[in-house]
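Descriptive analysis of the structure
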Amino acid sequence: MHVKKGDLVQVIAGKDKGAKGRVIRAIPREERVVVEGVNMITKHSKVTATGPRGAQQGGPQRMEAPIHVSNVKKLKDEEPKDDKPAKKADEASGEDS
């Protein structure tokens, strides 16, 4: 897959064409991704009392549904990621103190 969790993507096909958002979840086995604010569905749930704090709230809930990875295009982030730690000035020049 060409995208992973946290990537900024744009939808290039489907009802949400042109929408931009971050990948919330990647599902490589099914070749699908969940993008925030894209492909919103309404899911209805029952009121349950199985939770540790008592009853869970029921009714309709809006949530994102997965879309196929071929329908998204990876975009470049505005801010660069700092995955690597910065080098010290004396290590970069190679001088011994």
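The model shown is predicted, which means the values in this text are computed figures rather than measured ones. (Residues numbered from 1 in each chain as written. Predicted model: local features only at pLDDT ≥ 70, side-chain atom pairs only at ≥ 80, totals over all residues. Heavy atoms only, no water.)

With respect to the overall build of the chain
Per the secondary structure count, the chain includes 1 helix and 9 strands. Each helix (α) and strand (β) of the chain, taken in turn from the N terminus, gives the series β-β-β-β-β-β-β-β-β-α. Taken across its 97 residues, the chain has 20% of its residues classed as buried. Surface exposure of the chain reaches about 7900 Å², of which carbon and sulfur atoms provide 48%. (Helix = DSSP H or I, 4+ residues; strand = E, 2+ residues; numbered from the N terminus. Buried < 20%, exposed > 50% of the residue type's maximum accessible area, 1.4 Å probe, protein only. Areas by Shrake-Rupley, 256 points an atom, 1.4 Å probe, with all protein chains shown as cover.)

As for the side chain of D7
As for its position among the elements, D7 is in the segment before β1 (8-11). A relative accessible area of 5% means that D7 is categorised as buried. Side-chain polar atoms of D7 contact the backbone nitrogen of K4, separated by 2.9 Å. Sequence-distant contacts of D7, defined by excluding residues within four places in its chain, comprise H2, G21, R22, V23 and K74. (Polar contact = N/O pair within 3.5 Å; in protein donor to acceptor, adjacent residues only side chain to side chain. Contact = heavy atoms within 4.5 Å.)

Focus: the pattern of salt bridges
In the structure shown here, the tally under the stated rule is 1 salt bridge. D7 is paired through a salt bridge with K74; the nearest N and O atoms lie 3.6 Å apart. One end of the pair, D7, is in the segment before β1; the other, K74, is in strand β9 (residues 72-74), with 67 residues separating them in the sequence. In this structure K74 comes out as partly exposed when scored by relative accessible area, which is 43%. (Salt bridge = Lys/Arg side-chain N within 4 Å of Asp/Glu carboxyl O.)

Digging into the nonpolar core
If you look at the biggest cluster of nonpolar residues, it comprises 10 residues: V3, V9, V11, V23, V33, V35, V38, I67, V69 and V72. At the level of secondary structure, the elements contributing two or more residues to this core comprise β1 and β3 (32-35). Beyond its immediate stretch of four places on either side in the chain, I67 contacts V11, E31, R32, V33, V35, V38, N39 and V72. (Core = buried A, V, L, I, M, F, W, Y, C linked by side-chain atoms within 4.5 Å.)

Observations concerning the sheet that holds strand β2 (residues 20-27)
Pairing within the open sheet is antiparallel, and its 5 strands lie in the order β8-β3-β2-β1-β9. On the outer flanks of this sheet lie β8 (67-68) and β9, each paired with one strand and no other. Inspection of the sheet shows β3 paired to β8 by 2 bridges, in the antiparallel sense. The residue bridging V33 from the neighbouring strand is I67, located in β8. (Pairing = 2+ DSSP bridges.)

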